[in-house]
Amino acid sequence: MSLNKAPKNHVFYRNQNWHYPRIERGEGIYLYGEDGRKYIDGCSGSAVANIGHGNKEIAQFAKEQTERIAFTHLSRWTVDVIEDCAEKVASWCPDGLEYVYFVSGGSEATETAMKMARQYFVERDGVQSSKWKVISKWNSYHGATLGALSMTGTIGRRKIYDPMLTNFPKIAQFYHYRNPWGAETLYETSVLAAKELETEILRHGAQNIAAFITEPVIGSAAPGAYPEKIYFDMVREICDKYDILLIMDEVMAGSGRTGKTMASEHFDVKPDIIAVAKGLSSGYTPLGAAVCNEKVFNAIMVEGTGNFIHGHTYASNPLSCGIALKVMEIIEREKFIENGAAQGDYLIEKMQDLYKYPIVGDIRGKGLMIGMEFVKDKETKEPFDPSMKMNAKINNACMEEGLVLYPGGGSANGKGDHVLIAPPINISREEVDTLFEKMENGINKVCDSL
């Protein structure tokens, strides 16, 4: 039964069991409530607000672009800001990924990548091509629309929609803390996780597999987890061996979040398609993109029919592209990526002290994409019973301190509790100290209550 805590109005809120404080304005890393309370946005909404809130330069640009041209339809027109934004996005991606298809968000981006992969093989091999399946992973999240959800390996998000989903193959994640092999090192976990891909390809037949999709650093499903470089070395080799496209989901990890323009850089891997969104526009407008290499583009658009059978009303919206271009220019000019890398290292180092609390099981991450997992028993890694809603307790306690985190769970076979810490990448050293203090106070409160 619903707790009916949400405000009583005409909005269909996402969760009727949450009370939804009303935010009046945002500035920098802070959100200000109508009741006068001030919150550090410790998760940038959902790893979105990379340059923080209330940026006046973006607001002025948006006004000017709206007055000049706010909307055109990609089926008939192009605009300078669309082309310039595509060039900038390509420059942020690994070498060779040069062709950018803009959409309105992460789910559209991963679905676009999936459809791009399928059409690539149809154009190359003919309509009789049997390559259509996309291998993904458990403890992954690739979006909420039915195609993206079919690739998602988070049980709780899939469960009620299962009859409507495509049953794509799933393999184990490079999630070392709860790896299923009993591996003692991250390197060993990385190798074994990569080998699972080849096993699954052989099980289904390479002739039926179009693509493999993976995050470089896990977002909401097991926040902050990442492999050793050997994982992507092996995955790239396996995909090439079996004629399978590699899709990198950088919706959350990309656009400067992990201390690189794209998180793929940490592993020196070159996917065939990258999906980006969230921090790409820093939340100032809805925007996502699928970026492909020349092989994929040429097969469809040059040597093939020249017609990608796909489209959205707001694909390559000039207002959104212009705002995203301005966001990326600000990030480069102000060196926010370098700042995020430095502050992330500093915060992760400070967080090691949190292991003194009996419920803190694992801390991991790159840049300012950091995950913290909570357990009932550190030695056995036993999760809390879901009825305790430990992630919500942590989040609520931190909110009382004036800090918002991104709670999640389900990574321990449907159980488990974690939070994502992902503040804006322009956060200062002093603000990191304040964030840490509030986070520790919240964790301490919860431990006291237990």
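Residues numbered from 1 in each chain as written. Predicted model: local features only at pLDDT ≥ 70, side-chain atom pairs only at ≥ 80, totals over all residues. Heavy atoms only, no water.

Asks: Just give me the short version of the pattern of salt bridges, but keep the residues and values in it.
Replies: As enumerated under the stated definition, the model contains 25 salt bridges in all. One salt bridge connects E200 with R203, and the closest N-O pair in it is separated by 2.1 Å. With E200 and R203 both in helix α7 (residues 186-204), this residue pair falls three residues apart, about one helical turn. Judged by relative accessible area, which is 8%, E200 ranks as buried. A salt bridge links D272 to K295, with the nearest nitrogen and oxygen atoms 3.7 Å apart. Of this pair, D272 sits in the loop between β8 (245-249) and β9 (273-276) while K295 sits in helix α9 (residues 294-302), and the two are 23 residues apart along the sequence. Judged by its relative accessible area of 38%, K295 falls in the partly exposed class. Each of the salt bridges in this network shares a partner with another, and the network as a whole consists of R178, D362, R364 and E373. (Salt bridge = Lys/Arg side-chain N within 4 Å of Asp/Glu carboxyl O. Helix = DSSP H or I, 4+ residues; strand = E, 2+ residues; numbered from the N terminus. Buried < 20%, exposed > 50% of the residue type's maximum accessible area, 1.4 Å probe, protein only.)

Asks: Residues and numbers for the sheet that holds strand β14 (residues 406-412), please.
Replies: Strand pairs in the sheet, formed through backbone hydrogen bonds, run parallel or antiparallel to each other. Spatial strand order, β11-β12-β15-β14: four strands in an open sheet with antiparallel pairing. The open sheet has two edge strands with one neighbour each: β11 (360-366) and β14. Direction aside, neighbouring strands of the sheet carry axes that sit 25 degrees apart on average. In terms of strand pairing, strand β12 (residues 369-374) meets strand β15 (residues 415-421) through five bridges, oriented antiparallel. For G371, the partnering residue across the bridge sits in β15 and is L420. Of the strands in this sheet, β11, β12 and β15 are in contact with helix α13 (residues 429-449), which crosses β12 at around 15 degrees. (Pairing = 2+ DSSP bridges. Axes fitted to C-alpha atoms, helices over the stretch in contact; angles between N-to-C directions. Contact = heavy atoms within 4.5 Å.)

Asks: Could you give an account of a nonpolar patch on the surface, naming the residues involved and the relevant values?
Replies: Residues L146, I160, Y161 and M164 make up a contiguous nonpolar surface patch of roughly 430 Å² in combined accessible area. Residue position: L146 is located in helix α5 (residues 146-151). (Patch = residues over 30% accessible without salt bridge, like charges linked within 9 Å, V, L, I, M, F, W, Y side chains within 5 Å. Areas by Shrake-Rupley, 256 points an atom, 1.4 Å probe, with all protein chains shown as cover.)

Asks: Explain the nonpolar core to me, using residue names and the numbers behind them.
Replies: One finds M372, M439 and I443 to be the most contacted residues of the largest nonpolar core, which totals 98 residues. Ranked by residue count, the leading element in this core is helix α10 (residues 318-333), at nine residues. When sequence neighbours within four positions are dropped, the list of residues in contact with I443 reads L354, Y357, I359, V360, M372, F374 and I394. Within the second largest apolar cluster, 28 residues are counted, among which are A113, M151, V296 and A315. (Core = buried A, V, L, I, M, F, W, Y, C linked by side-chain atoms within 4.5 Å.)

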